[in-house]
Amino acid sequence: MVHFLHPGLSPRNLVPPDAQKDASGCCVVQEEASPYSLANICMNVLIANLDELCSERPDGTLCLPEHWSFPQEVADRFLEMMVWQGKLTDRTASIFQGNQMNLKMVNIQKAKISAAAFIKAFCHHKLLEIDATGVHCDLPIPDILSGLCSSSWIQQNLRSLLLDSTSVPQDSRRLSFGQLTGLRVLSVFNVCFHTEDLANVSQLPNLENLDISNTLVTNISALLNCKDRLKSLSMHYLKCLTMTKPQILGVIRELKCLLHLDISDHRQLKSDLAFHLLQQKDILPKVVSLDISGGSCITDGAVEQFIRQRPAMQFVGLLATDAGYSDFFTAKQGLRVAGGASMGQISEALSRYGNRSCFMKEALYRLFTETFSMHVSMPAVLKLVAVGMRNHPLDLPVQFTASACALNLTRQGLARGMPVRLLSEVTCLLFKALKNFPHYQQLQKNCLLSLTNSRILVDVPFDRFDAAKFVMKWLSRHENPKMQTMAVSITSILALQLSPEQIAQLQEELFTAVKELLAIVKQKTTGNLDDVTLLFTLKALWNLTDESPAACKHFIVNQGLAIYIQVLETFSESSVQSKVLGLLNNIAEVREFSSKLVTEDVMKHISSLLHSKEIEVSYFAAGIIAHLTSDKQPWLFRDLQRKALLQDLHATMKNWPGASCKMSALVTYRSFKSFFPLLGNFSQPAVQIWALWAMYHVCSKNPSKYCKMLVEEGGLQLLYDIQEHSQANPQAQQMATSILEDFRMHFMNYRSHPLCTPFL
């Protein structure tokens, strides 16, 4: 029941960034710290309860109630949220059949549905935009196109189609986009898309924006067919291109309507196409955005000259090049630069290249070096790091570098300026990376270091059960002392945040943790080292055994009692004594193990410490005596000693200060249930008085928490029984009355509870 609550870990106040210095950060704080919209909350509830709210067709698919109807914006958002949560399947996609949903924008990124389900659910809607990026191979591009072209309305009106990283069967014929005459935007990045397919696409009468990056195109001459309407062209990493540079530049020169051109490349390919492009004076007259990141031989002078000749330019991509470092890029008004020369350029790169792992790695590496000496919270940058981690879960360099950046951005006091929701997402992504790369120790160290941040560990929602398993495994790795101390400290705090049921589920990890922690205690005691690691270790063991019979058993099996006697004989500091006694209290509460404490060595130290001048040491010693003496069974042949202990306990408590006094060790309880047998022990007033003093003490420190506990666990009735009992000790009656009076004073908000009625 009793455990140690770390001091100084109260919730932090949010410190938003200075809007004058970091407007984007201020926006992120406002967005992330704001509550979810009512519409989103309702849709989340609906998604979580689809099976209960929908009926089932004979084929097993779901059907919405007949009277339900979703407006277009709500339907679009609802579908997007289902996909985001991984809830869109063949079974659930069927709710979009019929006319109850009015879809216009279908976002099914990375969804796993079949071609038949896609056609039934979506192809009868009047769709304007479709994002099928990375959908499962059960839904290949030919089937998507076939389904879309089955609707004449979609053929004429579909404006945007994103098919990035979507599969094409090997035996597939040429992809046919020709019927989608309304298309203005088409992206086939990382798709088996050939030169013949480009020729077909170039005939689309309304095409303005095209991305053919990382495809199998060998010749881009077909782009001349749409030279008078093409405004945006992305063609980075065209690894199969067989044209010469003059031929490529000749085609680009004819694209006089282009506003955006992306010919960026992976730096390892060392392409100099961008270098030659910058030398051209009669090319891209209307361009406002040029991405040449990763290009070779690119200099500040060449880029500056190119931009001066085109003063309307608004963006240039220079990441992984030797350009972007001159004052020109800072002074030029209205020009955004994705590069590595400054935090502004790095942030732009993270924003632009969230889906491109090669540039994400580069930007994160630059960010890591820039954030070593960071003194200002940058929520917007941390959110961009989270996007990179989420988009590339299986890319080790991205995950490792991102974890290091997240650590730099949240270290020390910087996390105080970050919204809890954002910190929660980053922490969850770190643990996801741990599961994907369980053997990469440096990534694990970064995650462990992030958990040492008190704001994250105390205020931020994340899976603490998984975190406890991870940290407990670290204890057995015998890392350097600094890492060991961090793992012990985190364990001590996480143990407080897990329920007894969760601690019991840890099983193997719990046994290993208790064994390793005891080994640390023994090592420190043998070496007479009263350091911070010893204190954290004693706290961890104290908190792990709180209402955990399994942990208490592991403690005893691993010779914990002998080790703790050695601790008491070696160290006389009250900070050590209170933590040792706190754990022994936990064992004393477990009836099947309490008899293990009734030994000459243990009781000698307990009896002595009962008279300590430090109230918290005396308090814990008294608690052990109260629990042990309340059960006569272990004292069958030592009844005189038991009576002497009870007399000593009663006499000692008379000299204690009032129960509302302050103790240096902040004591808290998960429940009052272990007190209840003591409260009913009218034959031993000292035991009863100790339990009442303990309850009064915590009630005076945290009345709102323990009011609820008294009501829900039935403690009020026990206090009332003591108050009214004819044979109760007057001191016990007075303390029970005091607790009930405080209850009446502070907890009137509980008056509607039926258990409170007799007392209010």
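Look up a bit, the structure's there.
Description of the structure in this document. (Residues numbered from 1 in each chain as written. Predicted model: local features only at pLDDT ≥ 70, side-chain atom pairs only at ≥ 80, totals over all residues. Heavy atoms only, no water.)

1. Quick word on the packing of aromatic side chains
(1) Moving on: For the structure on display, the rule yields 22 aromatic pairs.
(2) Moving on: Ring centres of phenylalanine 96 and phenylalanine 122 lie 5.7 Å apart, and the angle between their planes is 40°; this geometry places the pair in the tilted category. Taken together, the residues phenylalanine 96 in the loop between α5 (90–93) and β4 (105–107) and phenylalanine 122 in helix α6 (residues 115–122) connect sequence positions 26 residues apart.
(3) Moving on: Owing to a relative accessible area of 0%, phenylalanine 122 belongs among the buried residues under this scheme.
(4) Moving on: Measuring from centroid to centroid gives 5.8 Å for phenylalanine 118 and phenylalanine 122, while their planes differ by 55°, and the two rings are tilted. With a gap of four residues between them, phenylalanine 118 and phenylalanine 122 both fall in helix α6, about one helical turn apart.
(5) Moving on: Residue classification places phenylalanine 118 among the buried residues on the basis of a relative accessible area of 1%.
(6) Moving on: Among the aromatic residues, those joined into a ring-pair cluster are Trp542, Tyr619, Phe620, Trp656, Tyr669, Phe672, Phe675, Trp690, Trp693 and Tyr706.
(7) Moving on: In this structure, arginine 310 packs its charged tip against the face of phenylalanine 306, placed 3.7 Å from the ring centre.
(8) Moving on: In this arrangement the basic side chain of arginine 421 is found over the ring face of tyrosine 36, its NZ or CZ atom lying 3.9 Å from the centre. (Phe/Tyr/Trp six-rings, centres within 6.5 Å; stacked < 30°, edge-to-face > 60°. Helix = DSSP H or I, 4+ residues; strand = E, 2+ residues; numbered from the N terminus. Buried < 20%, exposed > 50% of the residue type's maximum accessible area, 1.4 Å probe, protein only. Lys NZ or Arg CZ within 6 Å of the ring centre and 35° of its normal.)

2. What to know about the sheet that holds strand β13 (residues 336–338)
One key point about sheets: their strands pair by backbone hydrogen bonds, in either a parallel or an antiparallel sense.
(1) Moving on: Here we have ten strands laid out as an open sheet, ordered β4-β5-β6-β7-β8-β9-β10-β11-β12-β13, and parallel in their pairing. Every interior strand has two partners, whereas the edge strands, β4 and β13, have only one. Each strand of the sheet is rotated relative to its neighbour by a mean of 5°, with strand direction disregarded.
(2) Moving on: Bridge count between strand β7 (residues 185–187) and strand β8 (residues 209–211): three bridges; the pairing is parallel. (Pairing = 2+ DSSP bridges. Axes fitted to C-alpha atoms, helices over the stretch in contact; angles between N-to-C directions.)

3. Quick notes on unusual backbone geometry
(1) Moving on: The backbone phi angle of leucine 284 is positive, close to 50°, even though this residue is not glycine.
(2) Moving on: With respect to the helices and strands, the residue leucine 284 is situated in the loop between α11 (273–278) and β11 (289–291).
(3) Moving on: You can call leucine 284 buried: its relative accessible area is 0%.
(4) Moving on: Not every positive phi belongs to a glycine, and cysteine 297 is a case in point at roughly 65°.
(5) Moving on: Note that cysteine 297 resides in the loop between β11 and α12 (300–308).

4. Thoughts on the pattern of salt bridges
(1) Moving on: Scanning all chains against the criterion turns up 22 salt bridges.
(2) Moving on: Between arginine 356 and aspartate 262 there is a salt bridge; the shortest N-O distance is 3.6 Å. A residue pair is termed long-range when its members are at least 10 positions apart, and arginine 356 in the loop between α14 (343–352) and α15 (357–370) and aspartate 262 in strand β10 (residues 260–262) qualify at 94 residues.
(3) Moving on: Judged by relative accessible area, arginine 356 falls into the buried class, the value being 11%.
(4) Moving on: Given the relative accessible area of 7%, aspartate 262 is considered buried.
(5) Moving on: Note that arginine 455 and aspartate 459 form a salt bridge whose closest N and O atoms lie 3.4 Å from each other. You can see arginine 455 and its partner aspartate 459 sitting in helix α20 (residues 454–459), four residues apart, about one turn around the helix. Considered together, arginine 455 and aspartate 459 belong to a single accessibility category, that of buried residues.
(6) Moving on: Each of Glu31, Glu32 and Lys383 takes part in salt bridges that share partners, so that together they form one network. (Salt bridge = Lys/Arg side-chain N within 4 Å of Asp/Glu carboxyl O.)

5. Considerations on helix α18 (residues 420–436)
(1) Moving on: The end-to-end C-alpha distance of α18 is 24 Å, a good match for the 24 Å that 17 residues give at a rise of 1.5 Å each.
(2) Moving on: Of all the residues in α18, the buried ones are Leu422, Leu423, Ser424, Val426, Thr427, Leu429, Leu430, Phe431, Ala433 and Leu434.
(3) Moving on: The elements touched by buried residues of α18 are α1 (23–33), α16 (379–391), α17 (396–410), α19 (441–451), α20 and α21 (464–475). (Expected span 1.5 Å × (residues − 1). Contact = heavy atoms within 4.5 Å.)

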